[in-house]
Amino acid sequence: MTHRDDPVVDARPFVVLGVGGGIAAYKAAELLRLLSESGHDVTVVPTRAALKFVGAATWSALSGKPVSAEVWDDVHEVPHVRLGQRADLVVVAPATADLLARAAQGLADDLLANVLLTARCPVVMAPAMHTEMWEHPSTRANVATLRARGVIVLDPAVGRLTGADTGPGRLPEPAAIAQACSEILARGVAEPDLAGLTVVVSAGGTREHVDPVRFLGNRSSGKQGYALAASAAARGARVVLVSANVSLPDPAGATVVRVTSAEHMRVAVLAAAEGADIVVMAAAVADFRPVSTAAHKIKKDDVDGVPGPIELERTADILAELVSRRASAGSRQIIVGFAAETGDPATSVLEYGRAKLARKGCDLLVVNEVGDGLGFESEDNEVVVLGANGSSSAVPRAGKRVIAEAVWDCVGALLPR
Ligand code: CTP
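Residues numbered from 1 in each chain as written. Predicted model: local features only at pLDDT ≥ 70, side-chain atom pairs only at ≥ 80, totals over all residues. Heavy atoms only, no water.

Description of the pattern of salt bridges
In total, this model carries 30 salt bridges according to the counting rule given. Lys223 serves as the salt-bridge partner of Glu379, at 2.9 Å between the closest nitrogen and oxygen. Of the two residues, Glu379 is situated in the loop between strand S17 (364-369) and strand S18 (380-387) and Lys223 in helix H10 (residues 223-234); the sequence distance between them amounts to 156 residues. One salt-bridge network, in which partners are shared between bridges, spans Arg187, Asp193, Arg235, Glu405 and Asp409. (Salt bridge = Lys/Arg side-chain N within 4 Å of Asp/Glu carboxyl O. Helix = DSSP H or I, 4+ residues; strand = E, 2+ residues; numbered from the N terminus.)

If you want it as structure tokens, here you go:
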């Protein structure tokens, strides 16, 4: 029985949504809605500049709570300390160049800066600003400082900015930021274990063109690779996602490089892998391509109504090339491959996996049996992560986000401590 005097215990995660003074402040209203609807107790703390873009009435009405940018309101409740102490997560979206600088300096000149100083929970910052400001050495240094302290600073998305310019600096989509927040809260770990690391993930399926309208492709949807990229960003990594023919929204915090063919993918992956700490080849890369691609659509009349055979040649094996480059560079890069296999009476899926791991020379091979509604195009997967050191970790059937977390846990076990 509940008495009226009993304190009401709110079991929902307590999230502080900090809003910086940039034009993308209006998008934080959508983030607030998504976080609230997915069961979070959200308090909005805008900066003074943010209130010039979206007023306190909007934040207050949407959150159902009083809203202030100042430390001088409701002083008896000591909000400048209490909010940060109570928070399970602080997410700042958009984080402006000014806010990143103030956070890196440890200033306490408004309520949000105080929250950032008192919070001991995970802190996620989603920057949004013009490309020049994002690329300025001051901002780069402030981001590096914050990341070194364990703050998860998501890379901004690339695209249309205010006015006519485009480039890196867009706020990632609110849904992608909300997803990252849920994942960070679900992991319940304050320390982002991939912080400071650069990760390259390939995703999707390559297309090898026969002519401008026809191609040889495969059924990969890219869902597993996108899930890997999203989880890595939520675990603090800088993520480059090399994406082949995927129609999914960009994960928050990942820099997406779009490619089409196996050769495009090879060039993009090898460039991104230069100096990267971890490379995960989740893409389904074509093993064969047409020897030649017709410049014009092949018409029925061109071939007298009866097409000849398409002559194929091998593509380069990107995973094998990564492994041999690592050996010649003497680097400690961690390389992860994927293998979608089917077994047969003579050889099991795992036996094929072990043989492939040895052949490819990577550190981990994520093996899954295709079929039974798993693998390609499906929401779920069921994998065994085989290690070159003989380890084997089975992940039972689960959503691709859960599989991604399990893969990063296996990668984490290989990182130097
Ligand atoms: N891979 C690659 N380059 C290729 C083909 C595959 O980097 N040209 C990578 C995939 O991204 C995956 C791993 O190699 O991480 C295994 O892919 P898979 O197609 O299973 O391996 P193959 O060597 O092509 O073996 P199989 O003959 O069984 O197809």
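We are not done yet, so read on.
Things to note about the site of the ligand
As a structural note, the neighbourhood of the ligand is formed by 15 residues, with Met281, Ala283, Leu319, Lys356 and Lys360 the closest of them. Contacts to the ligand include Ala316, whose backbone N or O atom sits 2.9 Å from a nitrogen atom. For the ligand, whose accessible area on its own is 570 Å², the fraction buried by protein is 76%. According to the grid-proximity analysis, the pocket containing the ligand is the largest pocket. Looking at the shell around the ligand, the elements that each hand over two or more residues are helix H12 (318-329), strand S16 (334-341) and helix H13 (349-360). For the shell around the ligand, the element with the most residues is H13, which contributes 3 residues. (Near = heavy atom within 4 Å. Polar contact = N/O pair within 3.5 Å; in protein donor to acceptor, adjacent residues only side chain to side chain. Areas by Shrake-Rupley, 256 points an atom, 1.4 Å probe, with all protein chains shown as cover. 1 Å grid on protein atoms, 1.4 Å probe; cavity = no way out; pocket = protein on both sides within 12 Å on 5 of 7 lines; lining within 4 Å. Sits in = over half its atoms within 2 Å of the grid points.)

A short note on the domain arrangement of the protein
As assigned here, the protein comprises domain 1 (14-187) and domain 2 (198-412). Using C-alpha coordinates to define each centre, domain 1 is positioned 34 Å away from domain 2. Facing the 12 residues of domain 1 at the interface are 14 residues of domain 2. For the pair domain 1 and domain 2, the summed buried surface comes to about 1,100 Å²; carbon and sulfur atoms form 53% of the total. Counting the surface domain 1 buries against domain 2, the share from its top three residues, Asp155, Glu183 and Arg187, is 45%. Linking domain 1 with domain 2 are 2 residue pairs in polar contact (both at pLDDT 80 or more), by the criterion used here. At 7 residues, helix H9 (residues 174-187) tops the list of elements feeding residues into the side of domain 1 that touches domain 2. Grouping the constituent residues of the side of domain 1 that touches domain 2 by class yields 7 nonpolar, 1 polar and 4 charged. (Domains from an automatic or database assignment. Contact = heavy atoms within 4.5 Å. Buried area = accessible area lost by both parts, 1.4 Å probe. Nonpolar A, V, L, I, M, F, W, Y, C, P; charged D, E, K, R; others polar.)

Overview of the sheet that holds strand S4 (residues 123-127)
Strand order in the open sheet formed by 5 strands is S2-S1-S3-S4-S5, with parallel pairing between adjacent strands. The outermost strands of the open sheet, each flanked by one partner alone, are strand S2 (41-46) and strand S5 (152-153). Note: strand S3 (residues 89-95) against S4, 4 bridges, orientation parallel. Paired with Val91 across the two strands is Val124, which belongs to S4. (Pairing = 2+ DSSP bridges.)

Considerations on the pairing of strand S1 (residues 14-19)
Taking burial as the measure, the 6 residues of S1 include 6 buried ones, the bulk of the element. The side-chain alternation of S1 yields two buried faces, one formed by Phe14, Val16 and Gly18 and the other by Val15, Leu17 and Val19. In terms of strand pairing, S1 meets S2 through 6 bridges, oriented parallel. Among the inter-strand pairings, Val19 is bridged to a residue of S2, identified as Pro46. Where the polypeptide runs from S1 across helix H1 (residues 25-37) and back to S2, its parallel neighbour, the crossover connection is right-handed. (Buried < 20%, exposed > 50% of the residue type's maximum accessible area, 1.4 Å probe, protein only. Right-handed = clockwise from strand over helix to strand, strands pointing away.)

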